[in-house]
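Each chain, written out:
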Amino acid sequence: QKEVEQNSGPLSVPEGAIASLNCTYSDRGSQSFFWYRQYSGKSPELIMFIYSNGDKEDGRFTAQLNKASQYVSLLIRDSQPSDSATYLCAVRPISSGSARQLTFGSGTQLTVLP
Amino acid sequence: DAGITQSPRHKVTETGTPVTLRCHQTENHRYMYWYRQDPGHGLRLIHYSYGVKDTDKGEVSDGYSVSRSKTEDFLLTLESATSSQTSVYFCAIKRGTGSTDTQYFGPGTRLTVL
């Protein structure tokens, strides 16, 4: 079982719709959770992070965390073609210790259709 | 922009040759990381550094070595490149402390080993 799992997609949504991206993780002691956006040929860009159970909103983005279910999601409201990218879920497992390293999922490719 | 540059941005080399990739940061961050990104595997940690001359191995360190003689520079060396090391390499820095720290990535180096 991979430590961080994402549906690789591709996920297609029409412009203006809500895109829902999901991620599950295996380390129950994980403490911090991150969503990165990566455009083709570019480096990952941090868009959201969440530490506590519940929802965290930032503009059109909402991160949702459920530690009991070991599940983190990213909702993108009013999706735009410019949101088309690969979205990487990253988790800081408790085993990272002082290294503070992240474990990444393989990413979900999102396409927003005009 | 996390003040990170990587050089070279692209490199083609032959099997068996040594290769050194450079990561340079301007913000005096203590922690620096080297990841590789391959299709289907997401980002995987190669090595990291927690200070000058302080480094440690990550998940996929075989065939790689690192050095950090100055705070601003973190070098990744492939002593004898193999085709399996064809990948995109990203350097990252850690900002913040405690549970709120986050990682930011450089622009990446695309390495092809023939």
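Brief notes about the overall build of chain B
Stage number 1. A tally of helices and strands in chain B yields 0 helices and 11 strands.
Stage number 2. Beginning at the N terminus, the succession of helices and strands in chain B can be written as β-β-β-β-β-β-β-β-β-β-β.
Stage number 3. Here the C-alpha radius of gyration of chain B, 13 Å, is about what a compact globule of 114 residues would show, namely 13 Å.
Stage number 4. In terms of overall dimensions, chain B has a C-alpha envelope of 40 × 30 × 25 Å along the principal axes.
Stage number 5. Counted over contacts in chain B with a minimum sequence separation of 6, partners at least 24 positions apart contribute 55%.
Stage number 6. In chain B, which carries 13 positive and 12 negative side-chain charges, the distance between the mean positions of the two groups comes to 2 Å.

Let's talk about the overall build of chain A
Stage number 1. Counting its secondary structure elements, chain A contains 0 helices and 11 strands.
Stage number 2. Listed N to C, the secondary structure of chain A is β-β-β-β-β-β-β-β-β-β-β in terms of helices and strands.
Stage number 3. The C-alpha radius of gyration computed for chain A amounts to 14 Å, which stays within 12% of the reference 13 Å derived for 114 residues, consistent with globular compactness.
Stage number 4. Relative to its full complement of 114 residues, chain A shows a buried share of 45%.
Stage number 5. For chain A, the computed accessible surface area is about 5200 Å², with 47% contributed by carbon and sulfur atoms.
Stage number 6. Of the charged side chains in chain A, 10 are positive and 10 negative; the average position of the first set lies 6 Å away from that of the second.

A short note on the side chain of Gln85 of chain B
Residues and elements named next belong to chain B.
Stage number 1. Relative to the elements of secondary structure, Gln85 occurs in the loop between β8 (73-78) and β9 (87-95).
Stage number 2. Gln85 gets classed as buried once you look at its relative accessible area, which sits at 5%.
Stage number 3. There is a polar contact of 3.3 Å between the side chain of Gln85 and the backbone oxygen of Gly63.
Stage number 4. Apart from the residues lying within four places of it in its own chain, the contact partners of Gln85 are Arg36, Asp62, Gly63, Tyr64, Leu78, Ser80, Leu111 and Val113.

A short note on the nonpolar core
All names here are of chain A.
Stage number 1. Trp35, Val72, Leu74, Ile76 and Tyr87 are the most contacted members of the largest nonpolar core, which totals 23 residues.
Stage number 2. The set of elements that each furnish at least two residues to this core consists of β3 (19-25), β4 (32-38), β5 (45-50), β7 (61-66), β8 (71-76), β9 (85-92) and β11 (108-113).
Stage number 3. Residue contacts for Tyr87: discarding those within four places in its chain leaves Gln6, Leu21, Trp35, Tyr36, Arg37, Ile47, Leu74, Ile76, Gly107, Thr108 and Leu110.

Considering unusual backbone geometry
Stage number 1. For the bond from Ser7 of chain B to Pro8 of chain B, the omega torsion is -10°, close enough to zero to count as cis.
Stage number 2. Summarising the element assignment, Pro8 of chain B is placed in the loop between β1 (4-7) and β2 (10-13).
Stage number 3. Positive phi outside glycine occurs at Asp78 of chain A, with the angle close to 50°.
Stage number 4. Along the chain, Asp78 of chain A turns up in the loop between β8 and β9.
Stage number 5. The residue Asn28 of chain B is not glycine, and still its phi comes out positive at about 65°.
Stage number 6. Looking at where Asn28 of chain B falls in the secondary structure, it is placed in the loop between β3 (19-25) and β4 (32-38).

Remarks on the interface of chain A and chain B
Stage number 1. With 21 residues of chain A in contact, the opposing surface of chain B contributes 22 residues.
Stage number 2. Between chain A and chain B we count 1 salt bridge in total.
Stage number 3. Seen at the junction of chain A and chain B, the total is 4 residue pairs in polar contact (both at pLDDT 80 or more).
Stage number 4. Of all the elements in the fold, those that place two or more residues in the side of chain A that touches chain B are β4, β5 and β9 of chain A.

Some remarks on the pairing of β3 of chain B
All names here are of chain B.
Stage number 1. Burial along β3 is one-sided: the face carrying Val19, Leu21, Cys23 and Gln25 is buried and the face carrying Thr20, Arg22 and His24 is not.
Stage number 2. For β1 and β3, the ladder comprises 4 bridges, and the chain directions are antiparallel. Residue Gln6 lies in a different strand from β3, and its bridge partner there is Cys23.
Stage number 3. Pairing between β3 and β8: 6 bridges, direction antiparallel. Paired with Thr20 across the bridge in β8 is Thr77.

Basis of the calculations
- Residues numbered from 1 in each chain as written.
- Chains lettered and ligands numbered in written order.
- Predicted model: local features only at pLDDT ≥ 70, side-chain atom pairs only at ≥ 80, totals over all residues.
- Heavy atoms only, no water.
- Helix = DSSP H or I, 4+ residues; strand = E, 2+ residues; numbered from the N terminus.
- Rg over C-alpha atoms; globule rule 2.2 N^0.38 Å.
- Contact = heavy atoms within 4.5 Å.
- Lys, Arg positive; Asp, Glu negative; His and termini not counted.
- Charge placed at Lys NZ, Arg CZ, Asp CG, Glu CD.
- Buried < 20%, exposed > 50% of the residue type's maximum accessible area, 1.4 Å probe, protein only.
- Areas by Shrake-Rupley, 256 points an atom, 1.4 Å probe, with all protein chains shown as cover.
- Polar contact = N/O pair within 3.5 Å; in protein donor to acceptor, adjacent residues only side chain to side chain.
- Core = buried A, V, L, I, M, F, W, Y, C linked by side-chain atoms within 4.5 Å.
- Salt bridge = Lys/Arg side-chain N within 4 Å of Asp/Glu carboxyl O.
- Pairing = 2+ DSSP bridges.

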